[in-house]
Amino acid sequence: MSNRLHEFDVVIVGSGIAGAVLARTLTQAGKSVLMLEAGLQSGMAFDPEAAYANYQSYLQTFYEKANKATNGPYPDLPDAPSPDVLEIKPSTPYDTGYLVQMGPQPFASDCLRAPGGTTLHWLGNVPRMLPNDFRLKSRYGHGVDWPIDYETLQPYYELAEFEIGVSGDVAAQVGPDMGPQNYGTGYVFPMRQIPQSYQDQVWMRNAGPAQLEVEGRSYTLGFASMPQGRNSEPNPDYPYGAIHWNAGLRRFELAPSKHIYRVVGSVWSPYTGERCEGNAACVPMCPVQAKYNALKTLSRADHDRLTIRTQSVASRVLVDAATQEVSGIEVKTYRNPDDPSHGLHVVTGRIYVLAAGALENAKLLLASGKVANSSDQVGRNLMDHLVMLTWGLFDDEKVYSYRGPGCTTYIPTFRDGEFRSEFSAWISPLDNWGWSWPTFAPGTDVSDAIGQGLFGRDLRHRIGDVVPRQALLHFEVEQLPQASNRVTIDPRYVDALGNPRPVIHYDVSDYERKAFAAAKCASDQILCKARITDHTLYKPTDANHVTWKGRGYTFWGAGHIVGTHRMGSDARTSVVKPTQQSWDHPNLYLVGCGSMPTVGTSNPTLTMTALSFMAAQDILCKLDAPLR
Amino acid sequence: MDHDLALFLDLSAHLTGFDVVELQGTGMAETYLNAAAMGIPKEWRAFLDRAAMVLREGGGDAARTHALIARELFPKALFGGLAQNITFMWYSGQWAPTVDASGADLATVTNISAQAYVQGLMWTAAHAHPPGAKQPGFASWAQLPVSVR
C-alpha cells in the first residue's frame, strides 16, 4: 500500500462550517484542497437524489426515536464516535460514553462527527459578540483579552453573515455595549428578521419596561429579535451577491449585486427550504434545510479543485523535526463503521488545517506528540455556555408554545455591564418550545395527567390548558477560561480504531456560580413581571447540579464547545496567532471554536465562521508567498 | 369494520377525548390495536370483553360511560394498565412499557413507528404540531394557531 497519496495545496480535517468555509474560499481562489471527513460517505452526497435520500434517512430516524436529543437522527459510528448528551451522568468519573468524564462536573455538551458537522443539529442563533467581550481582562479583570478587537473582526462578521445567510433586524440589536454602531451605517442582514413568536409578543407586552434589581444594581429589561441562520425573506436593501478573493489587495470582499439576495435552499433542491416553514425542530434537524448547514457551503465549493475523502479519520499530525513544518497527516480509513479494520495512509499538502471541532482538534494534536503545544495550552481552557433554565406557566393566558424556531427573541440586558467584574454575563433567549428541554414535555404532561386518573375530554382539556401556557427562559452563562478545564488523552481510553477518546476534567468556578444566583434573582423578577408562575425545580440528583451559598442550581450544556487551542498575541500563553496559524508550525492552522480565547455571550458559530474567513485569507496570502 | 377494531376505536374515543373520526384520521387505529394486543397479550381479551360491557352499560351516555371506565377499566392495577397505556399511545405514539422500561437505552428506544410520532394527539390537544412534521408555514408562529382563531 502506498503511504503517499496526493499533493494538495491545503489539507483540511473536518467538513463542519469552519472546514467548509475554507474549502469553498480556497478552491474558488484557485487552490487545490483535500478534505478529510471522519463520517460516512452517504452524508456527503451533493447530487440531488442521493442528498435527498440521505437526509430523509436522518428524518426517518428522528421520527422513530423516542428521545429527540441533539445527535439522535445521525449515525453513531464506533469508528468515529461522537459525544452524546444522553450519556451524561450525575456522578463522575465515568467512561461509559465516548467522552471519558473525570469530573468533578461532567462536560455537558455534544457535537457531531458527520459531513456538515454540528451545523446539522445546531439551532442557528447567530448574534455577534460585543466589543467588551474582546477585552474581558483589561475591562473587568477576568479571563483574558483577545489579541484582536471587535473592529478588526467586523468585516469578517459581514462575510460570515453572507455565507450563513442571516435573517435579522440590525436596528433591533440594542442593549448594553450593543447598538447600530456595532454594525456600521446602513448595514443590513441578507434577509429580514424571522418573525418573533406570538409567545414573545406576550412576554414583551407583560415585561417589556420592567425594572430589575440584581446584586445591588438596577437594570431596565430589554428584548431583541434574534438574528438567525435560517431563511426568511430577502432584504431588498442588502447589496451583496457573492464573496470574491481580491488577489491584489489580498482580502475577501463582498461583491455588490444588481439582483436581490439569492436565498440558499436545501442541498437537494433550491426550491426546498427557501423559507422557514415552522417545523419547530431546528434542533436536532430542519426537515427542509431552511436552517443553514455547512453542506450548503461545501456544495458550492469549486469541486474541480476539491477532493473529499469520507470515512477517513485523521489520527496523527506528522512534523518534520528539522524544519518544524507539518509533513503529513496520518489517516485511518474504514469501510464499515462497525468494523475496526482500517487502512492507514499519509496525506500531504503545503498547508494543513485542523477544523474538526474543539474536542477533536485538541485530541488530535495531543495524540501527535508535542505538536503545536509549546505553550502547554492545547486542550486547556475548555469552555461552554452554562445554561441555567427557568420555567413556569403563564398565569392567565395561553401563548401556544411549541411553534416556530427555537428562539426568536432574546434578552440582551445582562450581556455586558460593570457586574462582569463580579460574576459572569449571560444572554437570555426566550424559548419557543415549552418545557421540552428540562422536563421532556409534553409527553410528561400527558403521563402525569393519566397518572392522576385523567382521560377523555378531561385529559384533552388538561393538555390544551397547560401545554400552551408553558414558558422557558435560558440563562446562557459565560464560562471563563480555566487551565484545569481541559481535554487530555490517556492510552487506556481509545475508540474502535485505536484513536484516543477525549478525557475531560471540568468544573464550574465561583464567578459562574455567582452568576447562577444572580440569574435566578433576575428570573424571579422577570417571570413575575411576565405573569408567569415559576415551576423551576433543580434537584441535587440532576447531572450538573452545583451550589452557591447554600442554594442549588442545575445547568445544561449549550453545545458551544470552545477554547482548546486559543489564539493570543504571545506564543508562551496561546496556541495560535490571530490568523489561527500555529505559533510552532508555520504550515499548520487550527480553526474553529477552539481558537476562541473567551466565549462571551454569543452562540459562537458566527464568530468562529468570521475567524475562518480570517484564516482563509491568511492561508491564501501564505500560499502565494514564502511561509513564515 | 372488524369487530375488535370498531370496539377499540369506540373505547379509544372515550379514553382520548378525540372522536372516532379524528382517531381514524390519524391512520393509526390498526397499528395501535395490534400494539395493545401484543403489548399485554394475557390481559387483552378480557380487557376487550370488559370494554364491550362497559360501553354497552354506558348506553351512549357520556358521563355514565366515563364513570364506568374510570371504575372498571382505567385504574393502572386493572388489566396490566392497558387503558392507561392505550391512552398514552394515542397521545404520544409510544408504548410506555417499552420506552419507560428500566434499562431502556434512551439513545435507541423507539416510538411505535415514525408515523406514530407524527400522529401523536398531544400536539393537536396543545394546538401545536409534532416538531419536524405537519409544519404550519412561515410566520404562522407569530399568530394564534389556526385551531383557536
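Nothing here was measured: the structure is a model prediction, and the numbers come from that model. (Residues numbered from 1 in each chain as written. Chains lettered and ligands numbered in written order. Predicted model: local features only at pLDDT ≥ 70, side-chain atom pairs only at ≥ 80, totals over all residues. Heavy atoms only, no water.)

A few points about the overall build of chain A
At step 1: Per the secondary structure count, chain A includes twelve helices and 22 strands.
At step 2: Oriented by its inertia axes, the alpha-carbon framework of chain A measures out at about 70 × 55 × 55 Å.
At step 3: Among the 628 residues that make up chain A, the fraction classed as buried is 65%.
At step 4: Accessible area for chain A stands at about 21,000 Å²; split by element, carbon and sulfur atoms hold 50% of it.
At step 5: Counting 56 positive and 64 negative side-chain charges, chain A places the centres of these two groups 1 Å from one another. (Helix = DSSP H or I, 4+ residues; strand = E, 2+ residues; numbered from the N terminus. Buried < 20%, exposed > 50% of the residue type's maximum accessible area, 1.4 Å probe, protein only. Areas by Shrake-Rupley, 256 points an atom, 1.4 Å probe, with all protein chains shown as cover. Lys, Arg positive; Asp, Glu negative; His and termini not counted. Charge placed at Lys NZ, Arg CZ, Asp CG, Glu CD.)

Considering the interface of chain A and chain B
At step 1: Contact with chain A, which involves 52 residues of that partner, is made by 48 residues of chain B.
At step 2: Taken together, the two surfaces of chain A and chain B that pack against each other cover about 4,000 Å², and 67% of this comes from carbon and sulfur.
At step 3: Glu22 of chain B is the salt-bridge partner of Arg460 of chain A, the closest N and O atoms lying 3.4 Å from each other.
At step 4: Contributing elements (two or more residues each) for the side of chain A that touches chain B: α2 (48-64), α5 (198-207), α9 (443-451) and α10 (457-466) of chain A.
At step 5: Broken down by element, the residue count for the side of chain A that touches chain B peaks at six residues, all from α10 of chain A.
At step 6: Looking at the side of chain A that touches chain B, its residues break down into 25 nonpolar, 17 polar and ten charged. (Contact = heavy atoms within 4.5 Å. Buried area = accessible area lost by both parts, 1.4 Å probe. Salt bridge = Lys/Arg side-chain N within 4 Å of Asp/Glu carboxyl O. Nonpolar A, V, L, I, M, F, W, Y, C, P; charged D, E, K, R; others polar.)

Section: the environment of Asn587 of chain A
All names here are of chain A.
At step 1: Of note, Asn587 is situated in the loop between β21 (551-557) and β22 (588-590).
At step 2: Put simply, Asn587 and Phe423 are 164 residues apart on the chain and 39 Å apart in space, counted from C-alpha to C-alpha.
At step 3: A distance of 3.3 Å separates a polar atom in the side chain of Asn587 from the backbone oxygen of Arg350. (Polar contact = N/O pair within 3.5 Å; in protein donor to acceptor, adjacent residues only side chain to side chain.)

Let's talk about the layout of surface pockets
All names here are of chain A.
At step 1: Of the volumes computed, that of the second largest pocket is approximately 560 Å³.
At step 2: Along the walls of the second largest pocket sit 27 residues, with Arg262, Val263, Val264, Gly265 and Arg300 positioned nearest its centre.
At step 3: The class makeup of the residues in the lining of the second largest pocket is 13 nonpolar, eight polar and six charged. (1 Å grid on protein atoms, 1.4 Å probe; cavity = no way out; pocket = protein on both sides within 12 Å on 5 of 7 lines; lining within 4 Å. Points joined across faces, edges and corners; volume = space filled by probe spheres on them.)

Quick word on the state of the cysteines
In protein structure, a disulfide is the covalent linkage between the sulfur atoms of two cysteines.
Residues and elements named next belong to chain A.
At step 1: Under the defined criterion, the tally for this structure stands at zero disulfides over all chains.
At step 2: Between Cys276, a cysteine without a disulfide, and Cys282, which holds the nearest cysteine sulfur, the sulfur-to-sulfur distance is 6.2 Å.
At step 3: Cys407 carries a free sulfur, and the closest cysteine sulfur to it, the one in Cys282, is 9.8 Å from it. (Disulfide = S-S within 2.5 Å.)

Re the packing of helix α3 (residues 29-39) of chain B against helix α6 (residues 82-92) of chain B
Residues and elements named next belong to chain B.
At step 1: Where α3 contacts α6, the axes come no closer than 11 Å and their chain directions differ by 150 degrees. Seen along the crossing, α3 lies across α6 with a hand that is right-handed. Between α3 and α6, the residues in contact are Ala29, Tyr32, Ala35 and Ala36 and Leu82, Ile86, Met89 and Trp90, respectively. (Axes fitted to C-alpha atoms, helices over the stretch in contact; angles between N-to-C directions. Left-handed = near helix turned anticlockwise from the far one by under 90°.)

Brief notes about the packing of helix α4 (residues 41-58) of chain B against α6 of chain B
All names here are of chain B.
At step 1: Packing of α4 against α6 brings their axes to within 11 Å, and their N-to-C directions diverge by 90 degrees. In this view, α4 runs roughly perpendicular relative to α6, as classed from their interaxial angle. Side by side, α4 and α6 meet where Glu43, Trp44 and Phe47 of the first sit next to Leu82, Ala83 and Ile86 of the second.
At step 2: Looking at side-chain class alone, the contact of α4 with α6 contains five nonpolar, no polar and one charged residues. (Parallel < 35°, antiparallel > 145°, perpendicular 65-115°, else oblique.)

Here's the deal with the sheet that holds strand β17 (residues 486-488) of chain A
Residues and elements named next belong to chain A.
At step 1: Judged by pairing direction, the sheet is mixed, and its three strands sit side by side in the order β3-β18-β17 without closing on themselves. Either end of the sheet is taken by a strand with one partner, and the two such strands are β3 (100-104) and β17. On average, each strand axis in the sheet is tilted by 20 degrees relative to the strand beside it, whichever way the strands run.
At step 2: Note: β17 against strand β18 (residues 503-506), three bridges, orientation antiparallel. Across the sheet, Arg486 pairs through a bridge with His505, a residue of β18. (Pairing = 2+ DSSP bridges.)

Quick notes on the pattern of salt bridges
All names here are of chain A.
At step 1: As enumerated under the stated definition, the model contains 30 salt bridges over all chains in all.
At step 2: For Glu418, the salt bridge identified is with Arg139, shortest N-O distance 3.9 Å. With Glu418 in the loop between β14 (409-411) and β15 (426-431) and Arg139 in helix α3 (residues 136-140), the pair connects residues that are 279 residues apart, well separated along the chain.
At step 3: Linked through salt bridges whose partners overlap, the residues forming this network are Asp133, Asp416, Arg420 and Glu478.

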